[in-house]
Amino acid sequence: MAIPFVDLHQQYARLKPLIDARIQAVLDHGMYIMGPEVGELEAKLAELARIKHCIAVSSGTDALLIALMSEGVGRGDAVFLPAFTFTATAEAVLNAGATPVFVDVDSSSFNMDPDDLERRIAATRTVGRLRPRAVIPVDLFGRPADYGRINAIAEEADLFVLADAAQSFGGRLGERPVGSLAHVTATSFFPAKPLGCYGDGGAILTDDDELADIMRSIRLHGQGRQKYEVARVGVNGRLDTLQAAILLAKLTVFAEELERRDEVARRYSAQLPDAVTTPPLAAGRVSAWAHYTIQVTNREALLTDLKAAGIPTAIYYPHPMHLQAAYVARGDGPGSMPVSEALCARVLSLPMHPYLALEDIDDICDAVSSAVRRAA
Ligand SMILES: *Cc1c(COP(=O)(O)O)cnc(C)c1O
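Residues numbered from 1 in each chain as written. Predicted model: local features only at pLDDT ≥ 70, side-chain atom pairs only at ≥ 80, totals over all residues. Heavy atoms only, no water.

Novice: Just to check I follow, could you spell out the packing of helix α2 (residues 36–49) against helix α8 (residues 241–251) for this structure?
Specialist: Two quantities define a packed helix pair, namely the angle between the helix axes and the distance between the axes. Look at α2 against α8: their axes get within 8 Å of each other, and the N-to-C directions meet at 40 degrees. With respect to α8, the element α2 is oriented oblique. The chirality of how α2 crosses α8 is left-handed. Two secondary-structure elements touch here, α2 through Glu-37, Val-38, Glu-40, Leu-41, Lys-44, Leu-45 and Leu-48 and α8 through Thr-241, Ala-244, Ala-245, Leu-247, Leu-248 and Leu-251. (Axes fitted to C-alpha atoms, helices over the stretch in contact; angles between N-to-C directions. Helix = DSSP H or I, 4+ residues; strand = E, 2+ residues; numbered from the N terminus. Parallel < 35°, antiparallel > 145°, perpendicular 65-115°, else oblique. Left-handed = near helix turned anticlockwise from the far one by under 90°. Contact = heavy atoms within 4.5 Å.)

In structure tokens form, the structure reads like this:
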């Protein structure tokens, strides 16, 4: 039987009675928009992240956009974000009317390099065209970024910190859960994320009472205190009640699934050959393991061999954002983000999900070992 890259069927088989009952309950009460499951989910997620406010929204991308809008980030503002990320991080900045300023990443953690952030803030000030306004660290592949240093740099430079935790909800930095590491955190419930629903979904987390009120209003077309009072320009950014219901069922096993993902990652790291660079398993930083991503020198040969062995892989991401057609006009050419550019040529993600069998992990490691030997 083929090994799936992400397996949502095994999870559904396990949770079927619970998920089906939750869906049936929504069909019975019929409150498809902002039904009781939405508030129930928000309370549970806020508790998990040990934070005051959770605002469930329509996607991770909308979570980023609504957070930027709530803080008034827009025209003339520079928003710093890593060049090695998914397009949504940069897209939200432009859709808010602001300008993305790319920052290079660290070659081992894949996350924003705080030293380069400092350099790009200084360079932006020197040019003087844009006002440094916000920073969006991305917890790539599930591993929390270096919030200790980034928050300190942001405080010094008076920047708003918005965490893109689309891949890391469930992770931790020391004792502090993702969701409590930045002023505002955006996450995603896209089906393949560590906590996924059966469609699009996301959430925003913060301790800031005032911003939370504004974000709730923006989510509902900018609604004021009364139903047809329009206090500001907003978006249609609600999470469907059905998706909230599905997430509530999945939350019952989420902690266990995260442990299992960590076990899968550790087994990979213990058995993969020395010729591949494995992701760090640093103590005190718990990844949600959205992806298990290795670095290799001869990627094309390895890809061909793994494909022949029936092992699915994926490349997150083949191109850095500063060289994408949509963003290239920002002015950063090839060579401006050397680490991100090198990573795009070296990274390879292996199958990762909580139901991956031990024998399958071993088979994948064996296949990588023989492919690496052949390529050497
Ligand atoms: C998935 C993802 C998003 C967007 O989430 P959606 O729910 O798909 O809109 C944003 N940033 C990163 C890093 C992601 O991986």
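Novice: What's the story with the nonpolar core in this structure? I'm lost.
Specialist: The tendency in soluble globular proteins is for nonpolar side chains to be buried side by side. The biggest cluster of nonpolar side chains holds 34 residues, and the ones touching the most others in it are Leu-68, Phe-102, Ile-136, Leu-162, Val-184, Ile-204 and Met-215. Counting only elements with at least two residues in this core, the list comes to β1 (53–57), α3 (60–70), β2 (77–82), α4 (87–95), β5 (160–164), β8 (184–188) and α7 (209–219). Of the residues forming this core, the biggest block, six residues, is contributed by α3. Ignoring anything within four residues of it in the chain, the contact list for Leu-162 reads Leu-64, Ala-67, Leu-68, Val-135, Ile-136, Pro-137, Val-184, Thr-185 and Ala-186. Counting 25 residues, the second-largest nonpolar core is a separate cluster that includes Ile-3, Val-276, Leu-306 and Ile-364. (Core = buried A, V, L, I, M, F, W, Y, C linked by side-chain atoms within 4.5 Å. Buried < 20%, exposed > 50% of the residue type's maximum accessible area, 1.4 Å probe, protein only.)

Novice: I keep staring at the pattern of salt bridges and nothing clicks. Help me out?
Specialist: Opposite charge on two side chains makes pairing possible when the charged atoms of those side chains draw close. Applying the stated criterion across every chain yields a total of 16 salt bridges. The salt bridge partner of Arg-14 is Glu-256, with a shortest N-O separation of 2.8 Å. You can see Arg-14 sitting in helix α1 (residues 8–29) and its partner Glu-256 sitting in helix α9 (residues 254–271), a full 242 residues away along the chain. With a shortest N-O distance of 3.9 Å, Glu-40 and Lys-44 are connected by a salt bridge. One end of the pair, Glu-40, and the other, Lys-44, are both in helix α2, four residues apart, so they sit about a helical turn from each other. (Salt bridge = Lys/Arg side-chain N within 4 Å of Asp/Glu carboxyl O.)

Novice: Would you mind going over the pairing of strand β12 (residues 347–350) with me for this structure?
Specialist: Along any regular strand, the residues point their side chains to alternate faces of the sheet. With burial as the criterion, each face of β12 is covered, one bearing Val-347 and Ser-349 and the other bearing Leu-348 and Leu-350. In this structure, strand β11 (residues 292–295) lies alongside β12, joined through four bridges in antiparallel fashion. In the sheet register, Thr-293 faces β12, and the bridge partner there is Ser-349. (Pairing = 2+ DSSP bridges.)

Novice: Can you help me understand the side chain of Arg-143 in this one?
Specialist: Inspection of the secondary structure puts Arg-143 in the loop between β4 (131–135) and α6 (147–157). When sequence neighbours within four positions are dropped, the list of residues in contact with Arg-143 reads Ser-109, Asn-111, Pro-280, Ala-282, Arg-285 and Ser-287.

Novice: Which parts of the structure should I look at to understand the side chain of Asp-113?
Specialist: Looking at the element boundaries, Asp-113 is found in the loop between β3 (99–103) and α5 (114–127). Only 2.9 Å separates the side chain of Asp-113 from the backbone nitrogen of Asp-115, close enough to count as a polar contact. Those residues within four positions of Asp-113 in sequence are excluded, and the remaining contacts are Val-103, Asp-104, Val-105, Asp-106 and Arg-119. (Polar contact = N/O pair within 3.5 Å; in protein donor to acceptor, adjacent residues only side chain to side chain.)

Novice: Any chance you could explain the packing of aromatic side chains here in plain terms?
Specialist: Think of a pair of aromatic rings as described by two things: how far the centres are apart, and how the planes are tilted against each other in angle. In this structure the tally under the stated criterion is 12 aromatic pairs. Members of the aromatic cluster, connected to one another through ring pairs, are Phe-5, Phe-84, Phe-86, Phe-110, Phe-141, Tyr-316 and Tyr-317. (Phe/Tyr/Trp six-rings, centres within 6.5 Å; stacked < 30°, edge-to-face > 60°.)

Novice: Which parts of the structure should I look at to understand the site of the ligand?
Specialist: Around the ligand, the surrounding shell holds 15 residues, and the nearest of these are Gly-60, Thr-61, Gln-167, Ser-188 and Lys-193. With respect to the ligand, the backbone of Gly-60 contributes an N or O atom lying 2.7 Å from an oxygen atom. For the ligand, a nitrogen atom lies 2.8 Å from a polar atom in the side chain of Asp-164. Within the complex, the protein chains bury 92% of what would otherwise be the 380 Å² of accessible surface of the ligand. Those elements that provide at least two residues to the shell around the ligand are α3 and α4. Taken together, the residues of the shell around the ligand sort by class into five nonpolar, eight polar and two charged. (Near = heavy atom within 4 Å. Areas by Shrake-Rupley, 256 points an atom, 1.4 Å probe, with all protein chains shown as cover. Nonpolar A, V, L, I, M, F, W, Y, C, P; charged D, E, K, R; others polar.)

Novice: Would you explain the sheet that holds β8 in this entry?
Specialist: Two strands in a sheet stick together by hydrogen bonds in their backbones, pointing the same way (parallel) or opposite ways (antiparallel). As summarised here, the arrangement of the seven strands in space is β1-β9-β8-β5-β4-β2-β3, forming an open sheet in which the pairing is mixed. The sheet is open, and its two edges are formed by β1 and β3, each paired on a single side. For this sheet the average axis-to-axis angle between neighbouring strands, irrespective of direction, equals 30 degrees. Bridge count between β1 and strand β9 (residues 202–206): five bridges; the pairing is antiparallel. Note on β9: the bridge partner recorded for Cys-54 is Leu-205. In this fold α5 packs onto β2, β3 and β4, with an angle of close to 135 degrees to the strand it touches most, β3. The sheet strands contacting α7 are β1, β5, β8 and β9, and the helix crosses β1 at an angle near 15 degrees.

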